[in-house]
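Report on the structure
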Amino acid sequence: MPELPEVETLARQLHKLLAGAVFARAEVLWPRSIALPDAAEFARQAPGLRIEGVGRRGKFIVFGLSGGRHLLIHLRMSGQVRVEPPGTAPDGHARVVFDLEDGRRLIFSDTRKFGRMYLTSDMGAVAGKLGAEPLAEDFALADLRALLVRRKGALKPLLLRQDLLAGLGNIYADEALFAARLHPQRKADTLTPGEVRRLYTAIRQVLAQAIAGRGTTLRDARYRDAEGRPGEFQERLCVYQRHGEPCVRCGTPIERIVVSQRGTHYCPHCQS
DNA sequence: CTAGGTGCCTGATTGC
DNA sequence: TGCAATCAGGCACCTA
């Protein structure tokens, strides 16, 4: 599933491919893919909007458009965004198809139909509740400590909360906890200063390495970059979906448990 | 405030 | 073999 590293990879590619391009037409094939405004209004407003640049906030792809407007895309589970040559026929899972003035097509495909698009003049109304960017230069150790202090809940559900920390999903939460040698069910308010530091370093390192590997594409997942290529980071996953396989650090079999309704993978020997 | 449950979806996997 | 039930996942939304 696309998380911060996949969305970052995609956003960088889309920026290179699309900065300066202008939407000529938008066709909505699955109306519920449009969260804002409604599908008909979306198709009416898109033509003529110029793409100034493409970036990322949390797991949202953010298109900066002419007139101070923004197009935000959340891929959720199975969303893909691809730039295709003129005349490319949309695949069977295409939900929104944009024609650009230069003839190219921007195709949003989404097998499970969970992905959402927002076209708005008020980006804050869509992405305003997101928490800190873990890779931002000004995200400091003290900021992570502030997120954890006085929280009695388990560590992993906290890491998944987008209003605290924006961008971590199930894969990278598990990988970061392994790298920090912390049990997913450790209570957040019991961490020592040294453990908070380990977690801080682990989160930033795992995310940066995953971006360097252009994201994770699992066997059953559909993540592809803007050119349709899979990522490479799946080859460096230490725990995610590796239950039963030996821990890369100590050889103990990786275990899978369920923590607040999510499959959770960890090494019972290394992580406490 | 946090914790837990449900709905949204489809394709892969499991169970009989 | 074939079909049905279950599972996976992020997030909005609901109740306790």
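Preceding this paragraph is the structure being described.
Read on for an overview of the structure. (Residues numbered from 1 in each chain as written. Chains lettered and ligands numbered in written order. Predicted model: local features only at pLDDT ≥ 70, side-chain atom pairs only at ≥ 80, totals over all residues. Heavy atoms only, no water.)

1. Remarks on the protein's contact with DNA strand B
All residues adjacent to DNA strand B are W30, R32, H93, T111, R112, K113, F114, R151, G153, R161 and Q261. A share of 71% is what sugar and phosphate atoms reach among the atoms of DNA strand B within 4 Å of the protein. In this structure, a phosphate oxygen belonging to DNA strand B sits 2.6 Å away from a side-chain N or O atom of K113. Contact between DNA strand B and R151: a phosphate oxygen at 2.3 Å from a side-chain N or O atom of the residue. Looking at the surface near DNA strand B, its residues break down into two nonpolar, four polar and five charged. (Near = heavy atom within 4 Å. Polar contact = N/O pair within 3.5 Å; in protein donor to acceptor, adjacent residues only side chain to side chain. Nonpolar A, V, L, I, M, F, W, Y, C, P; charged D, E, K, R; others polar.)

2. As for the pattern of salt bridges
All told, the structure shown has 20 salt bridges when counted by the stated rule. The salt bridge involving D99 is made with R25; its shortest N-O contact spans 3.2 Å. One end of the pair, D99, is in strand β7 (residues 94-100); the other, R25, is in strand β1 (residues 23-28), with 74 residues separating them in the sequence. Taking relative accessible area as the criterion, D99 reaches 16% and is therefore assigned buried. Looking at R25, the relative accessible area reads 41%, which means it is partly exposed. The closest approach of N and O atoms between R186 and E195, which form a salt bridge, is 2.7 Å. Members of the salt-bridge network, linked through shared partners, are E8, R12, R56, R57 and E133. (Salt bridge = Lys/Arg side-chain N within 4 Å of Asp/Glu carboxyl O. Helix = DSSP H or I, 4+ residues; strand = E, 2+ residues; numbered from the N terminus. Buried < 20%, exposed > 50% of the residue type's maximum accessible area, 1.4 Å probe, protein only.)

3. A look at the pairing of strand β4 (residues 60-65)
Summarising burial for β4: six of the six residues are buried, a large majority. Strand direction decides the pairing type here: strand β3 (residues 51-57) and β4, joined by six bridges, are antiparallel. The residue of β4 that forms the bridge with I51 is L65. Counting the residues between successive antiparallel strands, the hairpin from β3 to β4 contains two residues, one of them, G58, with a positive phi of roughly 60 degrees. Taken together, the five bridges between β4 and strand β5 (residues 70-74) define a ladder with antiparallel strand orientation. Each bridged residue has a counterpart across the sheet, and for F60 the counterpart in β5 is H74. Linking β4 back to β5 in an antiparallel pair, the connection comprises four residues, with G67 at a positive phi of about 75 degrees. (Pairing = 2+ DSSP bridges.)

4. A short note on the protein's contact with DNA strand C
Near DNA strand C, the surroundings consist of 14 residues, among which H74, M77, R112, R256 and R262 are the closest. Of what DNA strand C places within 4 Å of the protein, 68% of the atoms are sugar or phosphate. The separation between a phosphate oxygen of DNA strand C and a polar side-chain atom of Y240 is 3.0 Å. Between DNA strand C and R256, the relevant distance is 2.7 Å, taken from a phosphate oxygen to a side-chain nitrogen or oxygen of the residue. Among the residues forming the surface near DNA strand C, the class breakdown is four nonpolar, five polar and five charged.

5. A closer look at the packing of helix α4 (residues 141-148) against helix α7 (residues 193-212)
Orientation of α4 relative to α7, taken along the N-to-C sense of each, is 115 degrees, at an axis distance of 10 Å. It follows from the interaxial angle that α4 and α7 lie roughly perpendicular. Pair α4 / α7 crosses with right-handed handedness. Of the residues in α7, those in contact with L141, L144, R145 and L148 of α4 are V196, R197, L199, Y200 and I203. (Axes fitted to C-alpha atoms, helices over the stretch in contact; angles between N-to-C directions. Parallel < 35°, antiparallel > 145°, perpendicular 65-115°, else oblique. Left-handed = near helix turned anticlockwise from the far one by under 90°. Contact = heavy atoms within 4.5 Å.)

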